[in-house]
Amino acid sequence: NAGVTQTPKFQVLKTGQSMTLQCAQDMNHEYMSWYRQDPGMGLRLIHYSVGAGITDQGEVPNGYNVSRSTTEDFPLRLLSAAPSQTSVYFCASSYSGFGTPYEQYFGPGTRLTVT
Amino acid sequence: GNSVTQMEGPVTLSEEAFLTINCTYTATGYPSLFWYVQYPGEGLQLLLKATKADDKGSNKGFEATYRKETTSFHLEKGSVQVSDSAVYFCALSYNAGNNRKLIWGLGTSLAVNP
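Structure report, in brief. (Residues numbered from 1 in each chain as written. Chains lettered and ligands numbered in written order. Predicted model: local features only at pLDDT ≥ 70, side-chain atom pairs only at ≥ 80, totals over all residues. Heavy atoms only, no water.)

**Things to note about the interface of chain A and chain B**
Inference 1: Opposite the 21 residues of chain A that make contact, chain B presents 22 residues.
Inference 2: In total, about 1,700 Å² of surface goes out of reach between chain A and chain B, with carbon and sulfur atoms giving 58% of it.
Inference 3: Run the count over chain A and chain B and you get 1 salt bridge.
Inference 4: Among the ionic pairs, Lys49 of chain B bridges to Glu103 of chain A, the shortest N-O distance being 2.4 Å.
Inference 5: Inspection of the chain A/chain B interface yields 4 residue pairs in polar contact (both at pLDDT 80 or more).
Inference 6: No other element matches the 4 residues that strand E5 (residues 42-51) of chain A contributes to the side of chain A that touches chain B. (Contact = heavy atoms within 4.5 Å. Buried area = accessible area lost by both parts, 1.4 Å probe. Salt bridge = Lys/Arg side-chain N within 4 Å of Asp/Glu carboxyl O. Polar contact = N/O pair within 3.5 Å; in protein donor to acceptor, adjacent residues only side chain to side chain. Helix = DSSP H or I, 4+ residues; strand = E, 2+ residues; numbered from the N terminus.)

Right, here's the structure in full:
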């Protein structure tokens, strides 16, 4: 198993550009999520999905879109990049069945800089 | 509401020192508790977990006990190594209606000097 994969590893954007961060998992997990990690802020949830075709907002969704057309893939789209979106982005997945501990599997991250 | 509070870092220790990183939580019901570790330049990975009161999670020499009476899940290791230098996150999961929710601490950075 490859686990959770993310591409690209690094990206530099200019203000106003758009891009898509890719995330894929091969563990047949229903639950997938996107976090951003900033110094002193810990992990903040951007969007999440409990299954194909179902997405919902986390605590910091503004400026980001997601879709979930398959169980495996959960791309994150930046619509018009802003310097405030400079961060490290992590994708995570887990089995979401009730009665399970709900442990998360993380990708290696994408380091995004917006100038 | 539910929350997780962990001690602020950075924590700096010498090799073979004893480590404690405090984590306390506020939650209704019966949450599951986790410690995750993030090595430099990598994503987070699960270090250990506990799903009910008095459970002890352990892995790689690290331990944490789920203490409902003190609402704590402190991470301990008897003798740290340079390779343990990382950021450690305490987390809590709970049921919220038909969804599962996850709450994260802010992370504690550990540096171990040789």
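**So, unusual backbone geometry**
Inference 1: Cis geometry is adopted by the peptide bond preceding Pro8 of chain A, which originates at Thr7 of chain A and carries an omega value of -5°.
Inference 2: Secondary-structure assignment places Pro8 of chain A in the loop between strand E1 (4-7) and strand E2 (10-13).
Inference 3: Note the cis peptide between Gly9 of chain B and Pro10 of chain B, where omega equals -5°.
Inference 4: A positive phi is found at Lys60 of chain B, a non-glycine position, where the angle reads about 55°.
Inference 5: Residue placement: Lys60 of chain B occurs in the loop between strand E7 (56-59) and strand E8 (62-65).
Inference 6: Judged by its relative accessible area of 47%, Lys60 of chain B falls in the partly exposed class.
Inference 7: Phi is positive for Thr71 of chain B, close to 45°, though the residue is something other than glycine.
Inference 8: Of note, Thr71 of chain B is situated in the loop between E8 and strand E9 (75-77).
Inference 9: Overall, the relative accessible area of 31% leaves Thr71 of chain B in the partly exposed class. (Buried < 20%, exposed > 50% of the residue type's maximum accessible area, 1.4 Å probe, protein only.)

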